[in-house]
Amino acid sequence: MHYTRREFLTTAASAAGAAMLPLGSALAAATGAGRAAEPARWRRYDVASPEGQQMLVSYARGIEAMLKLPVDDPRNWFRYAFVHFFDCPHGNWWFYVWHRGYIGYFEKIVRELSGDPEFALPYWDWTRHPELPAGMFDGVLSPTDRAYAPFTGNLKLFTDYIKPTMAGYFERLDDDQRAQLKLRGYTTFEEAWCDVNGYYAAKQTGLTGNQAFAVTCAARYPSKSNARLDWRSQFAVSRLVVGAGLLPTHFQAESMAQSFTSPVAPSHLVQPASGQKFSILEGYPHNKVHNYIGGVHAIDPGPYGNMTNFLSPVDPIFFLHHANMDRLWDVWTRKQLAHGRPILPEGDQAKAFMDEPFLFYVDADGKPVGPSTAGQYVDQRRFDYDYGPGGYEGFSFDAADRRRLGASAEIDGQLHAGAASLALPAATVRDHQDDAAPLIAEITMERPDELALTREFDVLVNAPDDVTGASADSPYYAGTLAFFGPTMPGMQMSHNTTFALPLPKTLRALTQAANAKSAAQLNIRVVPAGPLAAEPVKVQGVSVRPAG
């Protein structure tokens, strides 16, 4: 017997009481508290399961139909990708809820156009299967298929095909939509198109790494014979990282070690004024998987495949990747409810989060959804689906399981010569090496400017000065900081970014200190990852604290 999400929410919310939930009775109503339990109409399965593989057949039919639609139909395959291009939030607390709406409407479109009323989008559980799923290299499920060539064979083909239509669409946007795009940095369509073709108008030069368009033959880096994630990406989807991303007990907190989501921002189309921050799951597995599929490192400095930029939905793997991100949000939500903890912002923050307008969605008929708000998408009931079995079901969130680390204070690093140094007490080191919550390093660096060729950076701990890179078996490797997408036109040139990384127990500095039962002196450096020569990275700040 299994319980649907609606049944779980009904039971948990009733047991905890409406007072335990943010927004009180209003959210209780939204999540189904007090209603009769009903099974979800559709279930999303792991793509590796027989049910998930069956769904790929309908998925391919839906994509074929979307490719054949006229370019002025908003359900056209490339037109739908432009919804993400214009409107997607990253690095703020609307990341999860906006993408829930985006893939939810997409699922309805495929259900309609494939002729399969039972279609439910499968998810790619890279936590259990760190390779591109079987079937995703076949036919239109790969953006390198010949079916895409008439549209993406070269940039001129794509420009002639879609630019006039998109320019006309831009001119017909209403005042509210134009105001949101202005926040994103697009006051004219030509400014937006520069992010399609990778042209940086301010310096009159092309930037291959920022080109959202990808030619057919290079639209995706992995191939059927090379489907496995590279070692950096495998680390990004490991139990250490994903488990740490699920540990926070707050939907949003100032510290990314304690926050499930990225920070509060004035709008879903801008970053926080204090600088960009990434929560663990968004900044690490989300960004890193995007980049690897697009070919970061393998084909530096680009042009990359679709997945590295904001036209990433042109690659069909995008929707399976984001279904898994949505599933992890669902896992976190159900565990929060099981422990009587809040699942959304509380107090004064709640209204700002729930009322944020989303203005660019289109429905299964190709009609604009019209103004909707984030609050309409916090519950899966909007699209009437739940998830089949996947990784991290039953993952422990009980703070009591985390022992003394839960009371440990944040430790700030001292900056010197572009690196940071700090000391971890012996008790903290000992507990970290035991089966307890991991320590999280929050590392702030200045985001490379628009002309930089490197978008990923390795974190080294206590590496000798002559070690300038990492390898899969390095005892100094603590993780990779991965930027997804180009620098937006509205960003300031000196824009600090903070990433949260769980520290591996295998770091030599920690194992040596644990064996000696002594404090650990950590020196943390950030170095460009990949084959290209790049300037040294100056660390702007480092702190270490327990997850959750």
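Conventions adopted
Residues numbered from 1 in each chain as written. Predicted model: local features only at pLDDT ≥ 70, side-chain atom pairs only at ≥ 80, totals over all residues. Heavy atoms only, no water. Helix = DSSP H or I, 4+ residues; strand = E, 2+ residues; numbered from the N terminus. Buried < 20%, exposed > 50% of the residue type's maximum accessible area, 1.4 Å probe, protein only. Contact = heavy atoms within 4.5 Å. Pairing = 2+ DSSP bridges. Expected span 1.5 Å × (residues − 1). Bend = angle between axes of the 7 residues up to and from the residue. Polar contact = N/O pair within 3.5 Å; in protein donor to acceptor, adjacent residues only side chain to side chain. Axes fitted to C-alpha atoms, helices over the stretch in contact; angles between N-to-C directions. Parallel < 35°, antiparallel > 145°, perpendicular 65-115°, else oblique. Left-handed = near helix turned anticlockwise from the far one by under 90°. Nonpolar A, V, L, I, M, F, W, Y, C, P; charged D, E, K, R; others polar. Phe/Tyr/Trp six-rings, centres within 6.5 Å; stacked < 30°, edge-to-face > 60°. Lys NZ or Arg CZ within 6 Å of the ring centre and 35° of its normal. pLDDT = per-residue confidence, 0-100. Core = buried A, V, L, I, M, F, W, Y, C linked by side-chain atoms within 4.5 Å.

Each helix and strand counted, the protein chain has 16 helices and 16 strands in total. Going through the 548 residues of the protein chain one by one, you find that 61% of them count as buried. Sequence separation of 24 or more characterises 77% of the internal contacts of the protein chain that already satisfy a separation of 6 or more.

Strand order in the open sheet formed by five strands is E4-E14-E11-E16-E8, and the pairing between neighbours is mixed. If you trace the sheet from one side to the other, it starts and ends with strand E4 (276–277) and strand E8 (411–412), each paired once. Pairing of strand E11 (residues 439–446) with strand E16 (residues 539–546), which is carried by seven bridges, proceeds in the antiparallel orientation. Bridged to Ala441 within E16 is Val544.

Another point: helix H12 (residues 280–294). With 15 residues, H12 extends 21 Å from end C-alpha to end C-alpha; this agrees with the ideal 21 Å at 1.5 Å per step. The sharpest bend along H12 comes to roughly 25°, located at Asn287. Immediately beyond the C-terminal end of H12, within one or two residues, lies Gly295, with a positive phi of roughly 100°.

In this structure, Ser259 sits in the loop between helix H11 (239–246) and E4. Here Ser259 falls in the buried class, since its relative accessible area comes to 1%. For the pair Ser259 and Leu246, spaced 13 residues apart in the sequence, the C-alpha separation amounts to 9.3 Å. With residues near it in sequence (within four places) discarded, Ser259 still touches Pro248, His250, Phe251, Gln252, Ala253 and Ser279. Looking at Ser259, its side chain comes within polar contact range of the main-chain oxygen of Thr261, at 2.6 Å.

So, about the sheet that holds strand E10 (residues 419–424). Taken together, the five strands give an open sheet; going across it, the order is E9-E10-E15-E12-E13, and neighbouring strands pair in antiparallel fashion. One side of each edge strand has no neighbouring strand; the edge strands of this open sheet are strand E9 (414–416) and strand E13 (477–482). Going from strand to strand, the sheet's axes swing by 25° on average, the running direction of each strand aside. Contacts from H12 reach strand E12 (456–461) and E13, with the element oriented near 70° to E13. The sheet strands contacting helix H16 (residues 508–516) are E10, E12 and strand E15 (520–528), and the helix crosses E15 at an angle near 170°.

Where helix H5 (residues 95–114) meets helix H13 (residues 317–338), the axes come as close as 10 Å, and the angle between the chain directions of the two elements is 130°. Taken together, the axis directions place H5 and H13 in an arrangement best described as oblique. In this structure, H5 meets H13 at a crossing whose hand is left-handed. Between H5 and H13, the residues in contact are Phe95, Tyr96, Val97, His99, Arg100, Tyr102, Ile103 and Phe106 and Phe318, Phe319, His322, Ala323, Met325, Asp326, Trp329 and Asp330, respectively. Per-class residue counts for the contact of H5 with H13 are eleven nonpolar, two polar and three charged.

Burial analysis of H11 places six of its eight residues in the buried class, the great majority of the element. Among the residues of H11, Val241, Val242, Gly243, Ala244, Gly245 and Leu246 are the ones counted as buried. On its buried side, H11 packs onto helix H10 (231–236), H12, H13, E11 and strand E14 (496–502).

A few words on the packing of aromatic side chains. Across all of its chains, the model carries 53 aromatic pairs by this definition. Ring centres of Phe82 and Phe85 lie 5.3 Å apart, and the angle between their planes is 65°; this geometry places the pair in the edge-to-face category. Taken together, the positions of Phe82 and Phe85, both in helix H4 (residues 77–87) and three residues apart, correspond to about one turn of that helix. Centroid distance Phe86 to Phe170: 6.2 Å. Interplanar angle 50°. Geometry classified as tilted. With Phe86 in helix H4 and Phe170 in helix H7 (residues 155–171), this residue pair connects regions lying 84 residues apart in the sequence. The residues Phe86 and Phe170 share a single accessibility class, namely buried. Sitting over the face of the ring of Phe137, Arg220 holds its NZ or CZ atom 5.4 Å from the ring centroid.

Glancing now at the confidence of the model for the protein chain. Confidence along the protein chain averages 88 in pLDDT terms, with 89% of residues attaining 70 or more. Here residues 1–36 scores under 50 on pLDDT; set against residues more than four positions off or in separate chains, the count is 66 contacts. Across residues 399–407, where pLDDT falls below 50, the model places 22 contacts with residues more than four positions away in sequence or in other chains.

Let's shift gears to the nonpolar core. Counting 149 residues, the largest nonpolar core has Tyr59, Trp77 and Phe86 as its most contacted members. Contact partners of Trp77, with chain neighbours within four places excluded, come to Tyr59, Ile63, Met66, Leu67, Phe106, Tyr148, Pro313, Val314, Asp315, Pro316 and Phe319.

With three bridges connecting them, E9 and E10 associate as antiparallel partners. Bridge pairing in E10 links Leu415 to Ala420. Taking the residues that link successive antiparallel strands as the turn, the E9-E10 hairpin has two residues, and the phi of Ala417 there is positive, at about 55°. Where E10 lies against E15, five bridges are found, and the strand directions are antiparallel. Paired with Leu424 across the strands is Ala520, a residue of E15.

The next point concerns the pairing of E15. Counted residue by residue, E15 has seven buried out of nine residues, so it is predominantly covered. Inspection of the sheet shows E12 paired to E15 by five bridges, in the antiparallel sense. Across the sheet, residue Val459 finds its bridge partner in E15, namely Val526.

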